[in-house]
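Each chain, letter by letter, is given below.
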Amino acid sequence: MSTPAQPAPAKTPTQIVAPVLVLLAIMWVLEALDWLLPASLDSYGIASRSVDGLVGVGAAPFLHGGFDHLIANTVPFLILGIGVSWRAQRYFWPVVIVIAAVSGLGVWLLGPANVITIGASGVVFGFLGYLLIAGLLTRHWLDILVSVAVLLVYGSMLSGALPFGVPSGVSWLMHLTGAVGGALAALVFARKTQPVSA
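Residues numbered from 1 in each chain as written. Predicted model: local features only at pLDDT ≥ 70, side-chain atom pairs only at ≥ 80, totals over all residues. Heavy atoms only, no water.

### Structural notes on the side chain of Ser-103
Working step 1: Secondary-structure assignment places Ser-103 in helix H4 (residues 92-110).
Working step 2: Of note is the side chain of Ser-103, whose polar atom sits 3.3 Å from the backbone oxygen of Ala-100. (Helix = DSSP H or I, 4+ residues; strand = E, 2+ residues; numbered from the N terminus. Polar contact = N/O pair within 3.5 Å; in protein donor to acceptor, adjacent residues only side chain to side chain.)

As C-alpha cells, this is what we get:
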C-alpha cells in the first residue's frame with residue numbers, strides 16, 4: 001500500500017537568502033574583474049542573431065556596464081530575488097533558468113543588430129513578473145498580499161518594459177522578455193508550492 005508523498009520541508013531563512021546572495025556575489029566579482037583586467041568581459045553579452053552572441057544568454061545577467069549599473073540592479077535583485085526564493089522554494093533555480101533563458105533568447109532573436117546587451121535587469125523583471133502572476137494563479141492570500149506589495153513598491157518599473165520612456169542605452173526588450181519569462185515560470189511552478197508563512 002502506497003502512502004502519499006510528504007511535501008518537501010520549507011527552506012530556512014538562510015536557505016532562502018543564500019542562492020540570491022551567491023548570484024549577486026558572482027555579479028560583483030565579475031564586475032571587479034572587468035574593472036581590473038585589460039580584457040572587457042562585457043563583450044560576452046548578448047549579440048543579437050550572432051552564433052557567438054548565444055554565449056551571452058547565460059553570461060549577460062552577470063555582466064554590467066560599470067558599478068553604477070550593477071548598483072542599480074542590486075537592490076531590486078536582492079529584494080525580489082528573496083521573494084522568489086521564498087515563494088518558489090525548491091523550484092528557485094528552475095525559475096531563474098526559465099527567466100534567464102526567455103529574456104536572453106528574446107533579446108538574441110529580437111534585439112537590434114550590432115549591439116551587445118548586458119545586465120541583470122531581465123532577471124529582475126522576471127522576478128517581478130513571477131511574483132505578480134503567482135498571486136493571480138494561486139489566489140492564496142499570502143501570494144496575493146505579496147503581489148500587491150510588489151506592485152505598490154515596484155509597479156512603476158513596468159514602464160521600463162515599454163519601448164517609450166526608457167533612457168537611451170537601456171534595453172526595454174530585455175525588461176519585457178524578462179517579465180514574460182517570469183510569467184511563464186509562474187505558470188509552470190507557482191502552483192507546485194504553497195506559500196510558507198514563517
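### Structural notes on the nonpolar core
Working step 1: Core analysis: the biggest nonpolar cluster contains 33 residues, and Phe-77, Leu-80, Val-84, Val-95, Phe-127 and Tyr-130 have the highest contact counts within it.
Working step 2: Breaking this core down by element, the ones donating at least two residues are helix H1 (13-36), helix H3 (67-88), H4, helix H5 (121-138), helix H6 (141-154) and helix H7 (172-189).
Working step 3: The element best represented in this core is H5, accounting for 10 residues.
Working step 4: What Phe-127 contacts, discounting residues up to four positions off in sequence, is Phe-77, Leu-80, Gly-81, Val-84, Phe-92, Val-96 and Ile-99. (Core = buried A, V, L, I, M, F, W, Y, C linked by side-chain atoms within 4.5 Å. Buried < 20%, exposed > 50% of the residue type's maximum accessible area, 1.4 Å probe, protein only. Contact = heavy atoms within 4.5 Å.)

### Here's the deal with the pattern of salt bridges
Two side chains that carry opposite charge are able to pair once their charged atoms sit near each other.
Working step 1: As enumerated under the stated definition, the model contains 1 salt bridge in all.
Working step 2: Measuring nitrogen to oxygen at the nearest pair gives 2.5 Å for the salt bridge that ties Asp-143 to Arg-87. Taken together, the positions of Asp-143 in helix H6 and Arg-87 in helix H3 put the pair 56 residues apart, joining distant regions of the chain. Each of the two residues, Asp-143 as well as Arg-87, counts as buried. (Salt bridge = Lys/Arg side-chain N within 4 Å of Asp/Glu carboxyl O.)

### Looking at H7
Working step 1: Its 18 residues give H7 an end-to-end C-alpha distance of 25 Å, which sits within 8% of 26 Å, the value for a rise of 1.5 Å per residue.
Working step 2: Buried within H7 are the following residues: Leu-173, Met-174, His-175, Thr-177, Gly-178, Ala-179, Gly-181, Gly-182, Ala-185, Ala-186 and Phe-189.
Working step 3: Check the buried side of H7 and you find it contacts strand E1 (46-47), H4, strand E2 (116-117) and H5. (Expected span 1.5 Å × (residues − 1).)

### Considerations on a nonpolar patch on the surface
Working step 1: Judged by side-chain polarity, Trp-28, Val-29, Leu-33, Trp-35, Leu-36, Leu-37, Phe-67 and Ile-71 come together as a nonpolar surface patch covering roughly 800 Å² of accessible area.
Working step 2: Of all the elements in the fold, those that place two or more residues in the nonpolar patch are H1 and H3.
Working step 3: With 5 residues, the single largest contributor to the nonpolar patch is H1.
Working step 4: Among the secondary structure elements, Val-29 is positioned in helix H1. (Patch = residues over 30% accessible without salt bridge, like charges linked within 9 Å, V, L, I, M, F, W, Y side chains within 5 Å. Areas by Shrake-Rupley, 256 points an atom, 1.4 Å probe, with all protein chains shown as cover.)

### Section: the packing of H3 against H6
Working step 1: Packing of H3 against H6 brings their axes to within 12 Å, and their N-to-C directions diverge by 170 degrees. As far as their axial angle goes, H6 and H3 are roughly antiparallel. Of the residues in H6, those in contact with Val-75, Pro-76, Ile-79, Leu-80, Trp-86 and Arg-87 of H3 are Leu-142, Asp-143, Val-146, Val-150 and Tyr-154.
Working step 2: The residue inventory of the contact of H3 with H6, partitioned by class, reads 9 nonpolar, no polar and 2 charged. (Axes fitted to C-alpha atoms, helices over the stretch in contact; angles between N-to-C directions. Parallel < 35°, antiparallel > 145°, perpendicular 65-115°, else oblique. Nonpolar A, V, L, I, M, F, W, Y, C, P; charged D, E, K, R; others polar.)

### Comments concerning H1
Working step 1: In this model, H1 (24 residues) spans 34 Å end to end at C-alpha, consistent with the 34 Å of a helix rising 1.5 Å per residue.
Working step 2: The set of residues buried in H1 consists of Ile-16, Pro-19, Val-20, Leu-23, Leu-24, Met-27, Glu-31 and Asp-34.
Working step 3: Each element contacted by the buried residues of H1 is listed here: H3 and H4.

### Points about the environment of Ile-118
Working step 1: Relative to the helices and strands, Ile-118 resides in the loop between E2 and H5.
Working step 2: Residue classification places Ile-118 among the buried positions, given a relative accessible area of 18%.
Working step 3: In sequence terms Ile-118 and Ala-60 are 58 residues apart; their C-alpha atoms lie 4.5 Å from each other.
Working step 4: If sequence neighbours within four positions are ignored, Ile-118 has contacts with Asp-42, Gly-45, Ala-60, Leu-63, His-64, Gly-65, His-69 and Met-174.

### A look at the side chain of Asp-34
Working step 1: Residue position: Asp-34 is located in helix H1.
Working step 2: Look at Asp-34: it is buried, it has no salt bridge, and the nearest opposite charge is Arg-49 at 23 Å.
Working step 3: If we skip the residues at most four places from it in the chain, Asp-34 touches Ala-39, Ser-40, Leu-41, Asp-42 and His-64. (Lys, Arg positive; Asp, Glu negative; His and termini not counted.)

### Observations regarding the packing of aromatic side chains
Working step 1: For the structure on display, the rule yields 5 aromatic pairs.
Working step 2: Between the aromatic rings of Phe-92 and Trp-93, the centroid separation amounts to 5.3 Å while the plane-to-plane angle is 70 degrees, which identifies the pairing as edge-to-face.
Working step 3: For Phe-92, a relative accessible area of 1% corresponds to the buried category.
Working step 4: For Trp-93, a relative accessible area of 40% translates into the label partly exposed.
Working step 5: These aromatic residues form a ring-pair network of at least three members: Phe-77, Phe-92, Trp-93 and Phe-127. (Phe/Tyr/Trp six-rings, centres within 6.5 Å; stacked < 30°, edge-to-face > 60°.)

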